[in-house]
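Secondary and tertiary structure notes
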Amino acid sequence: MPAIPRKNILEKFRDMIERGVPIVGGGAGTGLSAKAEEAGGIDLIIIYNSGRYRMAGRGSAAGLLAYGNANEIVREMAVEVLPVVRHTPVLAGVNGTDPFILMPRFLAELRDMGFSGVQNFPTIGLFDGTMRQSFEETGMGYGLEVDMIAEAHGLDLLTTPYVFNPDEARAMTKAGADIVVAHMGVTTGGSIGATSAKTLDDCVKEIDAIAEAARSTRKDVIVLCHGGPISMPEDARHILENASGCHGFYGASSMERLPAEAAIRDQTASFKDLTLMPAANQN
């Protein structure tokens, strides 16, 4: 499927917002995940390197570590996902701090492959404290991700960056972000999810602050939420009912790992609940 024009995607999303319909995006670590998400009516599909680790039984945070080349993994995953998606925009998670890639050429290649947009993942935004300071001081900071989003915007790709605070929201919106995704941390729940997180009410306050900062820069920017304790539909409902400036939800673990864990476990348990006929009745 060829890339869907950014203008068409945004027209659809603004119509959805006007009608009170939330925008829902989801990560796809396999072609089967992508097909099932599209069948469920998803609005955006995102390919992250973390999807490969997640669906291999590892935590999503593995996508932040040096287990493989993030941008090359996304390129490899594209040949599994893109051919099976029929009408949904597919976005690429791009490692904007990668020093060994010619970013304008790489982004153009992604567009030519059929990607409709990009997101900044892996992201330095998930690091804090001394490690974050070290990245920033040694030329591997979040500003490179802002530059990547600006490059993608210049190529007329849809841009949906993760932001972690109001300052980053303003920077990404100035760079041309169409959608800012308020990231609340690694998703909790399941067998390999994080166990520490903010409360949902904490998230409401942070998302509102991020939305206000983004809209102070450009009024038409769309805001979605992601991660932390927002792992199930009822969690997203709480955010959408209480955050004044949120238009929808992005799920990664929430959209493919958690449902797969539950469905496979329950299906296996159902088979294990079967009983054999007594030996005397098998003759």
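Our subject in this report is the structure included herewith.

Here is what the cut-offs are and how they apply
- Residues numbered from 1 in each chain as written.
- Predicted model: local features only at pLDDT ≥ 70, side-chain atom pairs only at ≥ 80, totals over all residues.
- Heavy atoms only, no water.
- Helix = DSSP H or I, 4+ residues; strand = E, 2+ residues; numbered from the N terminus.
- Rg over C-alpha atoms; globule rule 2.2 N^0.38 Å.
- Buried < 20%, exposed > 50% of the residue type's maximum accessible area, 1.4 Å probe, protein only.
- Contact = heavy atoms within 4.5 Å.
- Areas by Shrake-Rupley, 256 points an atom, 1.4 Å probe, with all protein chains shown as cover.
- Lys, Arg positive; Asp, Glu negative; His and termini not counted.
- Charge placed at Lys NZ, Arg CZ, Asp CG, Glu CD.
- Phe/Tyr/Trp six-rings, centres within 6.5 Å; stacked < 30°, edge-to-face > 60°.
- Pairing = 2+ DSSP bridges.
- Right-handed = clockwise from strand over helix to strand, strands pointing away.
- Axes fitted to C-alpha atoms, helices over the stretch in contact; angles between N-to-C directions.
- Parallel < 35°, antiparallel > 145°, perpendicular 65-115°, else oblique.
- Left-handed = near helix turned anticlockwise from the far one by under 90°.
- 1 Å grid on protein atoms, 1.4 Å probe; cavity = no way out; pocket = protein on both sides within 12 Å on 5 of 7 lines; lining within 4 Å.
- Points joined across faces, edges and corners; volume = space filled by probe spheres on them.
- Nonpolar A, V, L, I, M, F, W, Y, C, P; charged D, E, K, R; others polar.
- Salt bridge = Lys/Arg side-chain N within 4 Å of Asp/Glu carboxyl O.

**Digging into the overall build of the chain**
- Of regular secondary structure, the chain possesses 11 helices and 9 strands.
- Relative to a compact globule of 283 residues, whose C-alpha radius of gyration would be 19 Å, the chain shows 20 Å and is just as compact.
- Along the first, second and third principal axes, the C-alpha set of the chain runs to 75 × 45 × 40 Å.
- Relative to its 283 residues, the chain shows a buried fraction of 49%.
- Put simply, 71% of the contacts in the chain that link residues at least 6 apart link residues at least 24 apart.
- Within the structure as shown, the chain displays about 13,300 Å² of accessible surface, and the carbon and sulfur contribution to it stands at 55%.
- Of the charged side chains in the chain, 25 are positive and 35 negative; the average position of the first set lies 3 Å away from that of the second.

**Quick notes on the packing of aromatic side chains**
- This structure, assessed with the given rule, holds 6 aromatic pairs.
- Here the aromatic rings of F121 and Y162 are separated by 6.4 Å at their centres, their planes lie at 80 degrees, and the arrangement is edge-to-face. Of this pair, F121 sits in the loop between β4 (117–120) and α6 (129–137) while Y162 sits in strand β6 (residues 162–163), and the two are 41 residues apart along the sequence.
- In this structure F121 comes out as buried when scored by relative accessible area, which is 7%.
- An angle of 80 degrees between the planes, with centres 6.5 Å apart, marks the rings of Y162 and Y250 as edge-to-face. Of the two residues, Y162 is situated in strand β6 and Y250 in strand β9 (residues 248–251); the sequence distance between them amounts to 88 residues.
- Judged by its relative accessible area of 0%, Y250 is buried.
- Cluster of aromatic residues (ring-pair linked, three or more members): Y48, F121, Y162 and Y250.

**A closer look at the pairing of strand β8 (residues 222–226)**
- Counting buried positions along β8 yields 5 of 5 residues, so the element is predominantly enclosed.
- Burial along β8 is two-sided: I222, L224 and H226 facing one way and V223 and C225 facing the other are all buried.
- As paired strands, strand β7 (residues 179–183) and β8 are joined by 5 bridges and run parallel to one another. Across the sheet, residue H183 finds its bridge partner in β8, namely H226.
- Across 2 bridges, β8 lies against β9 in parallel orientation. Each residue of the ladder has a partner; that of C225, found in β9, is F249.
- Running through helix α10 (residues 233–242), the crossover from β8 to the neighbouring parallel element β9 is right-handed.

**Some thoughts on the packing of helix α9 (residues 200–217) against α10**
- For the pair α9 and α10, the least separation of the axes is 10 Å and the interaxial angle reads 45 degrees. One way to sum up the angle between α9 and α10 is to call them oblique. In the packing of α9 onto α10, the handedness of the crossing is right-handed. Mapping the contact onto sequence places L200, D201, C203, V204, I207 and D208 in α9 and D235, H238, I239 and N242 in α10.

**What to know about empty space enclosed by the protein**
- By the definition in use, this model includes 1 cavity of 30 Å³ or more.
- In this structure, the largest cavity spans a volume of roughly 150 Å³.
- Around the largest cavity, the lining is made up of 16 residues, and of these R54, S60, F121, H183 and H226 lie nearest the centre.
- Grouping the constituent residues of the lining of the largest cavity by class yields 8 nonpolar, 7 polar and 1 charged.

**Focus: the layout of surface pockets**
- By volume, the largest pocket amounts to about 380 Å³.
- If you trace the largest pocket, you find 20 residues lining it, with L64, L65, N95, T97 and P122 closest to the centre.
- Split by residue class, the lining of the largest pocket holds 11 nonpolar, 7 polar and 2 charged.
- In this structure, the second largest pocket encloses a volume near 290 Å³.

**Section: the pattern of salt bridges**
- Considering all chains together, one arrives at 15 salt bridges under this definition.
- Its salt-bridge partner being D178, residue R6 comes within 2.8 Å of it at the nearest N-O pair. Note that R6 is positioned in helix α1 (residues 6–18) and D178 in the loop between α8 (166–174) and β7, a separation of 172 residues in sequence.
- One salt bridge connects R218 with D220, and the closest N-O pair in it is separated by 2.6 Å.
- Sharing partners across several salt bridges, the network here consists of R6, D156 and D178.

Nothing here speaks to function; it is all geometry.
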